[in-house]
Protein chains: 2
Amino acid sequence: MADVVPKERKILVAVDEGEESMYALSWCLKNVISQNSKDTLILLYAKPPRAVYSALDGTGSRSHLQGYLFSADILATMEKYSNDVAACVIEKAKRMCREQADEVEVRVESGDPRDVICQVAEKINADVLVMGSHGYGLIKRAFLGSVSNHCAQNVKCPVLIVKKPKCSSSGTK
Amino acid sequence: MADVVPKERKILVAVDEGEESMYALSWCLKNVISQNSKDTLILLYAKPPRAVYSALDGTGSRSHLQGYLFSADILATMEKYSNDVAACVIEKAKRMCREQADEVEVRVESGDPRDVICQVAEKINADVLVMGSHGYGLIKRAFLGSVSNHCAQNVKCPVLIVKKPKCSSSGTK
């Protein structure tokens, strides 16, 4: 009750296309962002690492390695899909923030979400990192459950891990 | 900014004798407890499981197993030490809360901190669990780093894991 100075914190929220990260964002908006705060909310979306499907399309020509992985058509399709997903996620997240947060910034970065999230948290000197408890993005299955663990262990700032209740009556409070 | 209804959340903070958990509590008081809130803060201290050193002293007589572990004197000393530590930690934590939180409850439970924390979070239907990132209590070394991981994976409510900055200029914000 003693704190009357408006807070000016950088709150980093890692979002993905899963419902859990949107729930985490919603929980954060209701429970972490304080009234009359000057908090800045930074929405971070980690796109699947380009290396997974597109590291080899830089020259425009087919290499034997590229042929071994995917055709150029598939690469382009995946890249487009990935951009569409990113845009959709960010749009949805921004809509959720509109009523509650004064300042919202958006970052979309490519890479392993574990690395991306830790690096951005460090770089912007976040005051708190908020995330769902599961994996992120297209490579969700490969990292199931390990992204939040990894970040909790490696990020220096406080980490808030939010789980979506499975069949709770109220959902968010 | 839309939320004008005072929050009435149950905020469970796991404390131990380490500086990190006190930092976590302090961070929570400054960043999670909202002004004009009706939040209830529940301080939870997990005492080392009695089974570790005192399961066998119930009869007052020495069994061959007890002799194998500790003498009765050592058991009594450890039990007293453990109670003193618990009292000291709780006292310190309550002092920290005095200015910021309206309602503070205290719980001291015996057992593996991983189980104790998860069980209490569940039992009281906590809205958020706050903890340091390291182990708890006398058995810290045995579980280093795994308590917060375990809780983040098993507790249903959001979990806020707070690390103490190593050589940050400002400490808490």
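Quick note: structure is the one above.
Summary of the structure given here. (Residues numbered from 1 in each chain as written. Chains lettered and ligands numbered in written order. Predicted model: local features only at pLDDT ≥ 70, side-chain atom pairs only at ≥ 80, totals over all residues. Heavy atoms only, no water.)

What follows deals with the packing of helix α5 (residues 113–123) of chain A against helix α6 (residues 146–154) of chain A. Residue and element names in this part refer to chain A. Across the interface, α5 lies against α6 with an axial gap of 9 Å and an inter-helix angle of 30°. The two elements α5 and α6 cross, and the hand of that crossing is right-handed. Residue-level contacts link P113, R114, D115, I117 and C118 of α5 to S146, V147, H150, C151 and N154 of α6. Its residues assigned to classes, the contact of α5 with α6 comprises five nonpolar, three polar and two charged. (Axes fitted to C-alpha atoms, helices over the stretch in contact; angles between N-to-C directions. Helix = DSSP H or I, 4+ residues; strand = E, 2+ residues; numbered from the N terminus. Left-handed = near helix turned anticlockwise from the far one by under 90°. Contact = heavy atoms within 4.5 Å. Nonpolar A, V, L, I, M, F, W, Y, C, P; charged D, E, K, R; others polar.)

One finds V15(A), L41(A), V15(B) and L41(B) to be the most contacted residues of the largest nonpolar core, which totals 52 residues. If near-sequence neighbours (up to four positions away) are discounted, L41(A) is found in contact with I11(A), V13(A), L25(A), C28(A), L29(A), I33(A), C97(A), A101(A), E103(A), V104(A) and E105(A). In this structure, C157(A), V159(A), I117(B) and I161(B) belong to the second largest nonpolar core, which totals 42 residues. (Core = buried A, V, L, I, M, F, W, Y, C linked by side-chain atoms within 4.5 Å. Buried < 20%, exposed > 50% of the residue type's maximum accessible area, 1.4 Å probe, protein only.)

Let's shift gears to the sheet that holds strand β2 (residues 40–47) of chain A. Strand order in the open sheet formed by ten strands is β3(A)-β2(A)-β1(A)-β4(A)-β5(A)-β5(B)-β4(B)-β1(B)-β2(B)-β3(B), with mixed pairing between adjacent strands. Of all strands in the sheet, those with a lone pairing partner are β3 (103–110) of chain A together with β3 (103–110) of chain B, marking the two edges. On average, each strand axis in the sheet is tilted by 20° relative to the strand beside it, whichever way the strands run. The strands that helix α1 (residues 19–31) of chain A touches are β1 (10–15), β2, β4 (128–132) and β5 (159–162) of chain A together with β4 (128–132) of chain B; relative to β1(A), the one it contacts most, it runs at about 160°. In the packing of helix α1 (residues 19–31) of chain B onto the sheet, contacts are made with β4 of chain A together with β1 (10–15), β2 (40–47), β4 and β5 (159–162) of chain B, and the angle to β1(B) comes to roughly 160°. (Pairing = 2+ DSSP bridges.)

These results come straight from atomic positions and should not be treated as a statement about function.
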